[in-house]
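# Topology and contacts: notes
Below, each chain spelled out in residue letters.
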Amino acid sequence: GYGSLQRLRNLPFRAAKLDHSLIDDVRAAPVQSISFAGALIQLAHDLEIEAVAGGLESDDLVEAAAVLGANAGQGYALGRPMPPEMVAGWARAFAWKVDLRAPRTTLGALAMVWCASHRSGDHQEPVEMCPITRFLERHGHIGGSLDAAHRALPQLVAREGRHGPRYRTAIRQFQRDLAGTLKASV
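In every chain, residue numbers begin from 1 and rise along the written sequence. It should be noted that, the model being predicted, local features are given only for residues of pLDDT at least 70 and side-chain atom pairs only at 80 or more, the latter also being counted only at that level, while totals for whole chains, interfaces and linings use all residues. To obtain the side-chain values, all non-hydrogen atoms of the structure were used and water was disregarded.

## Description of the overall build of the protein
- Across its full length, the protein holds eight helices and three strands.
- The numbering of helices and of strands both runs from the N terminus, where a helix is a DSSP run of H or I of at least 4 residues and a strand a run of E of at least 2. When the elements of the protein are put in sequence order from the N terminus, they spell out α-β-α-β-α-β-α-α-α-α-α.
- Note that the radius of gyration is over C-alpha atoms, with the globule rule given as 2.2 Å times the number of residues to the power 0.38. The C-alpha atoms of the protein give 18 Å as radius of gyration, which agrees with the globular expectation for 186 residues (16 Å, within 12%).
- With the C-alpha coordinates of the protein rotated into their principal frame, the extents come out at 55 × 40 × 30 Å.
- Type-normalised accessible area, obtained with a 1.4 Å probe on protein chains alone, sets the label of each residue: buried when under 20%, exposed when over 50%, and partly exposed for intermediate values. Taken over 186 residues, the protein has a buried fraction of 39%.
- Residue pairs at least 24 apart in sequence account for 63% of intrachain contacts in the protein once pairs closer than 6 positions are excluded.
- When charges are counted, Lys and Arg are positive and Asp and Glu negative, with His and the chain ends excluded. Lysine's charge is taken at NZ, arginine's at CZ, aspartate's at CG and glutamate's at CD. Where the 21 positive side-chain charges of the protein centre and where its 19 negative ones centre are 2 Å apart. Every residue pair with non-hydrogen atoms within 4.5 Å of one another is taken to be in contact.

## Regarding the pairing of strand 2 (residues 50-53)
- Bridging between strand 1 (residues 15-18) and strand 2 involves four bridges; their strand directions are parallel. When the bridges of strand 2 are listed, Ala 15 appears paired with Glu 50.
- Note that the unit made of strand 1, helix 2 (residues 30-46) and strand 2 has a crossover that is right-handed.
- Relative to strand 3 (residues 72-73), strand 2 runs parallel, the two being bridged by two bridges. By the bridge assignment, Val 52 is partnered in strand 3 with Ala 72.
- Clockwise travel from the first strand over the helix to the second, with the strands pointing away from the viewer, marks a crossover as right-handed. Between strand 2 and its parallel partner strand 3, the chain crosses via helix 3 (residues 59-68), and the hand of that crossover is right-handed. A pair of strands is considered paired only if DSSP assigns at least 2 bridges between the two.

## Regarding the pattern of salt bridges
- Every case where a carboxyl oxygen of Asp or Glu lies within 4 Å of a side-chain nitrogen of Lys or Arg is listed as a salt bridge. Tallying each qualifying case throughout the model produces six salt bridges.
- Here Asp 60 and Arg 27 are joined by a salt bridge, their closest N and O atoms 2.7 Å apart. One end of the pair, Asp 60, is in helix 3; the other, Arg 27, is in the loop between strand 1 and helix 2, and 33 residues separate them in sequence.
- Owing to a relative accessible area of 13%, Asp 60 belongs among the buried residues under this scheme.
- With a closest N to O distance of 3.6 Å, Asp 59 and Lys 97 form a salt bridge. A residue pair is termed long-range when its members are at least 10 positions apart, and Asp 59 in helix 3 and Lys 97 in the loop between helix 4 (87-93) and helix 5 (106-118) qualify at 38 residues.

## Overview of the nonpolar core
- Put simply, buried Ala, Val, Leu, Ile, Met, Phe, Trp, Tyr and Cys residues joined by side-chain atoms within 4.5 Å make one nonpolar core. Residues Ile 34, Leu 56, Leu 68, Leu 107, Ile 132, Phe 174 and Leu 178 are the most contacted members of the largest nonpolar core, which totals 45 residues.
- Put simply, the parts of the chain that give this core at least two residues each are strand 1, helix 2, strand 2, helix 3, helix 5, helix 6 (131-138), helix 7 (145-160) and helix 8 (165-185).
- The element that contributes the greatest number of residues to this core is helix 5, accounting for eight residues.
- Not counting residues within four places of it along the chain, the set of residues in contact with Leu 68 comprises Ile 34, Ala 37, Gly 38, Ile 41, Ala 111, Trp 114, Cys 115 and Arg 119.

Written out as structure tokens, the structure is:
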């Protein structure tokens, strides 16, 4: 609510935690959940505070949170509750499994698409070098409608920019179609 957001802006917070309840319906509504989490993480960064993602219960949620820019995470996919004396050993053995340049999961790819469509930057790599193209290739979507829709996006950006109505419609449809592959694989 307004009071909570006002405190976030005015009090000297160093971090904001995105509660697990914000992504609880990620399987039912992946595009909306990724968009909401991405916007909140971006808000935290714009306020110059860290974003901590809670509820990271699977590798695909960890990947999505990392791609969206979360500074830290909490959840069973990262570590189970443990006695204090075990924390040091866990920290030494912990291996980060996320490559921010090459999403492995559909949620990671959705997060990357959200970032590309919401964050500024003029750098446009050739579509063949795009991490989403590589994701589509690894998951058997090259040559299909999802690939064609993805390849059309840079042309729309070049013609009307990221805020143009045709681009916004096309990127939303691409996100929904990509999310459909998540639901089909579950």
